[in-house]
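Spelled out, the chains give:
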Amino acid sequence: TRPLHRNDLLLDSDEIRDLSCFHLNERFGLSKYTSKLKIGGVQACDAFSWTTQALFLGDKVDSGKGFPYYKMVRAGVRDTLHFDPHDPASAAAIVSCGGICPGLNSVIREIVMTLWEYGVRKIYGVIGGYKGVIEPQNWITLTPDMVKDIHRMGGTMLI
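Thresholds, definitions, all that
Residues numbered from 1 in each chain as written. Predicted model: local features only at pLDDT ≥ 70, side-chain atom pairs only at ≥ 80, totals over all residues. Heavy atoms only, no water. Helix = DSSP H or I, 4+ residues; strand = E, 2+ residues; numbered from the N terminus. Buried < 20%, exposed > 50% of the residue type's maximum accessible area, 1.4 Å probe, protein only. Expected span 1.5 Å × (residues − 1). Contact = heavy atoms within 4.5 Å. Patch = residues over 30% accessible without salt bridge, like charges linked within 9 Å, V, L, I, M, F, W, Y side chains within 5 Å. Areas by Shrake-Rupley, 256 points an atom, 1.4 Å probe, with all protein chains shown as cover. Salt bridge = Lys/Arg side-chain N within 4 Å of Asp/Glu carboxyl O. Phe/Tyr/Trp six-rings, centres within 6.5 Å; stacked < 30°, edge-to-face > 60°. Lys NZ or Arg CZ within 6 Å of the ring centre and 35° of its normal. Core = buried A, V, L, I, M, F, W, Y, C linked by side-chain atoms within 4.5 Å. Pairing = 2+ DSSP bridges. Axes fitted to C-alpha atoms, helices over the stretch in contact; angles between N-to-C directions.

A few points about the overall build of the chain
A tally of helices and strands in the chain yields four helices and eight strands. Going from N to C terminus, the chain has its helices and strands arranged as α-β-α-β-β-β-β-β-α-β-β-α. In the chain, buried positions account for 26% of the 159 residues.

Here it is in structure tokens:
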């Protein structure tokens, strides 16, 4: 077998474009907290880890030929964190856009489980989509015990 090359996946007319967004280092300085999260066999992502996503624009592509692929910073485990997850002030809120989406409970479950592994103990579920963000009295506290079986239910528990 031979190594994979660009032409194995993309046509000459395809483009790779940067989808730029600010990096946390730009707002908060270098990350300084060592992550305690260890996932067997998974290598932590670094500043050079990226992924691509193809955006299909119907029958037309803005360049007139080929497909645009957008290069984005890859999500995943990092060796260092910008915030101390054990700080009592650390908190996370999970919000969906408010509709029913197959598999969203699985996503919510995994976010809660991963945040808990990092050490975050204040995890909230925002009820009612984006509108619910301004109604924190309706938020629910999420724990691993509370979400352990939600992946077996359809839709989302955050409606």
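Back to the text.
A look at helix 3 (residues 104-118)
Every α-helix carries 3.6 residues per turn, so stepping three or four residues along brings you back to the same face. Helix length check: helix 3 (15 residues) gives 21 Å between terminal C-alpha atoms against 21 Å at 1.5 Å per residue, within 8%. Taken as a whole, helix 3 has its buried residues at L104, N105, I108, R109, V112, L115 and Y118. In this structure, the buried side of helix 3 is in contact with strand 5 (80-81), strand 6 (92-94), strand 7 (123-125) and helix 4 (144-147). Note on helix 3: the residue one or two positions beyond its end, G119, has a positive phi of about 120 degrees.

Section: a nonpolar patch on the surface
Together, F22, L24, F28 and F83 give the surface a local cluster of nonpolar side chains, amounting to about 400 Å² of exposed area. Looking at where F28 falls in the secondary structure, it is placed in helix 2 (residues 24-28).

Some details on the packing of aromatic side chains
What the rule picks out here adds up to two aromatic pairs. Considering the side-chain rings of F28 and F83, the 5.0 Å spacing of their centres and the 75 degrees angle between planes classify their relative orientation as edge-to-face. In this pair, F28 is assigned in helix 2 and F83 in the loop between strand 5 and strand 6, connecting sequence segments 55 residues apart. The exposure class of F28 is partly exposed, given its relative accessible area of 48%. Note on Y124 and W139: the rings are 5.8 Å apart at their centroids and 50 degrees apart in plane angle, and the pair reads as tilted. Taken together, the residues Y124 in strand 7 and W139 in the loop between strand 7 and strand 8 (140-141) connect sequence positions 15 residues apart. Taking the relative accessible area as the measure of exposure, Y124 reaches 25% and is therefore partly exposed. The ring of W116 is capped by R121, whose NZ or CZ atom sits 4.1 Å from the centre of that ring.

Regarding the nonpolar core
Ranked by internal contacts, the top residues of the largest apolar core, which has 13 residues, are I94, I108, V112, I123, L142, V147 and M157. Of all the secondary structure elements, the ones that give two or more residues to this core are strand 6 and helix 3. Of the residues forming this core, the biggest block, four residues, is contributed by helix 3. With residues near it in sequence (within four places) discarded, I123 still touches A92, I94, V112, L115, W116, I140, T141 and L142.

Points about the side chain of S35
Along the polypeptide, S35 turns up in the loop between strand 2 (33-34) and strand 3 (50-54). If near-sequence neighbours (up to four positions away) are discounted, S35 is found in contact with R78, D79, T80, L81 and Y118.

Points about the sheet that holds strand 7
Strand order across the open sheet formed by three strands is 6-7-8, with mixed pairing between neighbours. Two strands close off the open sheet at either side, each with one partner strand: strand 6 and strand 8. Sheet analysis places strand 7 next to strand 8, joined by two bridges and oriented antiparallel. Bridged to G125 within strand 8 is I140. Along the sheet face, helix 3 touches strand 6 and strand 7 and points at about 170 degrees away from the line of strand 6.

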